[in-house]
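Coordinates in review
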Amino acid sequence: MPVKFFGQFLLEKGIVTREALLKAVGPQDSTNLKFGETARSMGLITDADIDRVHDAQRSEDLPFGDMCVKLGILTADQLKEVLAKQKAGHLFIGEALIKTGAINANDLPKYLEAFKADQAPYVIDKVAIPAGVPDAALWEAAADLTYKMLSRVAGFTVRPGQCVLTQHLDANDTVVSIGMTGSVKARYLFSVSTNVRTLIARAMLNTDDVSKEQEDMLNDTVMELANVICGHIEAKASQMGKEIEISPPEVLTDGVNGIPVPTGGKGLLFPLHVAEGRIEAGIFLEQV
Amino acid sequence: MKKVLVVDDSLSVGRQLSQIIAGTGEFEVIGPARNGVEAIKMYQTDRPDIVCLDMNMPVMDGPTALRSIMAIDRNARVVMITSLGGVGDKFTEALKLGARNVISKPFKPDEVLKVLREL
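In what follows, the accompanying structure is described.

Thresholds, definitions, all that
- Residues numbered from 1 in each chain as written.
- Chains lettered and ligands numbered in written order.
- Predicted model: local features only at pLDDT ≥ 70, side-chain atom pairs only at ≥ 80, totals over all residues.
- Heavy atoms only, no water.
- Helix = DSSP H or I, 4+ residues; strand = E, 2+ residues; numbered from the N terminus.
- Buried < 20%, exposed > 50% of the residue type's maximum accessible area, 1.4 Å probe, protein only.
- Contact = heavy atoms within 4.5 Å.
- Areas by Shrake-Rupley, 256 points an atom, 1.4 Å probe, with all protein chains shown as cover.
- Pairing = 2+ DSSP bridges.
- Right-handed = clockwise from strand over helix to strand, strands pointing away.
- Polar contact = N/O pair within 3.5 Å; in protein donor to acceptor, adjacent residues only side chain to side chain.

**Section: the overall build of chain A**
- What chain A contains, in helices and strands, is 11 helices and 10 strands.
- The buried share of chain A, reckoned over its 288 residues, is 46%.
- Partitioning the intrachain contacts of chain A with sequence separation of at least 6 by distance along the chain shows that 68% fall at a separation of at least 24.

Rendered as structure tokens:
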């Protein structure tokens, strides 16, 4: 997996140990507050406001702070204040590693330079759909929603790789497929490794221990996450003037051998880099 | 105690929703039914007070099952379950067909219970 997090890069280069990295993550978790937590700590919003914003985000895809302004909970100036405080108080992993004594402050700039050079080929600001693919805006939104739902629903920190055309989705432990008909004829594919499936099951079933769950239940949680993602894609499509119907999700039993793009179709692959395992999302268009 | 029929093809959603609904002791959960056909059968035999009905299911989807349930009992109290984020024609279609409300996935327990208590 070429796309990495800075901590992972330092670990792989042997600059820090796993133990040192874990020790540094602790202060990061307690220091880095989400937007809502920061605003609450500043006395600008209440728990009830946070609930209101979360509710509103279900029907409109806006960042938390922007939604606060839209609902009249914060003014535009207050939004800037919260963002500034959040930025100023953010503890990056490099700083946390210095604090815990794992690396020397003088060495950090050179490590960051090396990391930047290593990652330059993979960094993207925006999902770019390859030229010639129809409904590009919709698939761009689909990729964006996939990243957001993985974060919001399952708690993953995702670094998206660049979208590429593909002839097949690589083999993976669990592959879920959801058909799309109507304004588009396509199939949404979502594949995860076993470790990622466990983390999704924990989040979806709201429990820390899923070791006694049956395969059907574990697969079902992945299907349901894909279903939630596609439900949001369907809603987004509707906002864009396209009516699509999604079929119920299914686990592809041949997923362990990889999934080929249908003859005459086009395959879009959206690599998703997470620290915990392997996730890929694909859109296979029929008869382009 | 009010009886709530849960209808969802997803094992995990069926379990999650049942736990939320039964958790406070205010409601008795029956089901889950796994599709619209099972839901209609269970509605006829068990006569639940409330039905939580998923929109998108195999065999028979939610809106089709809703039509049949409303034909059986025009006072049926049905809440649709959807991941559509509250927009789109299906949402308004379900309300027009007689659904009382819509619950969005992923669930917020307080919100689910509030919707059911208000029926």
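Read on, since the account is not over.
**What about the overall build of chain B?**
- Tallying secondary structure elements over chain B gives 5 helices and 5 strands in all.
- If you list the helices and strands of chain B from N to C, you get β-α-β-α-β-α-β-α-β-α.
- The buried share among the 119 residues of chain B stands at 52%.
- Pairs at least 24 residues apart make up 65% of the contacts formed inside chain B by residues separated by at least 6 positions.
- In the form shown here, chain B has an accessible surface area of approximately 5000 Å², with 50% of it arising from carbon and sulfur atoms.

**Side note on the pairing of strand S4 (residues 78-82) of chain B**
Residues and elements named next belong to chain B.
- Counted residue by residue, S4 has 5 buried out of 5 residues, so it is predominantly covered.
- When strand S3 (residues 50-54) meets S4, the two strands line up parallel, connected through 4 bridges. Opposite Cys 52, over in S4, you have Val 79 as the bridge partner.
- Between S3 and its parallel partner S4, the chain crosses via helix H3 (residues 62-72), and the hand of that crossover is right-handed.
- Here S4 pairs with strand S5 (residues 101-104) via 4 bridges, running parallel. Within S5, the residue paired with Ile 81 across the bridge is Ile 103.

**A short note on the environment of Thr 17 of chain A**
Residues and elements named next belong to chain A.
- As for its position among the elements, Thr 17 is in the loop between helix H1 (6-12) and helix H2 (18-31).
- What makes Thr 17 partly exposed here is its relative accessible area of 45%.
- The spacing of Thr 17 and Gly 7 is 10 residues in sequence and 9.8 Å in space, taken between C-alpha atoms.
- A distance of 3.0 Å separates a polar side-chain atom of Thr 17 from the backbone nitrogen of Ala 20.

**What to know about the environment of Leu 113 of chain B**
All names here are of chain B.
- Of note, Leu 113 is situated in helix H5 (residues 109-117).
- Leu 113 sits 92 residues away from Ile 21 along the chain, and the two C-alpha atoms are 6.7 Å apart.
- What Leu 113 contacts, discounting residues up to four positions off in sequence, is Ile 20, Ile 21, Thr 24 and Phe 27.

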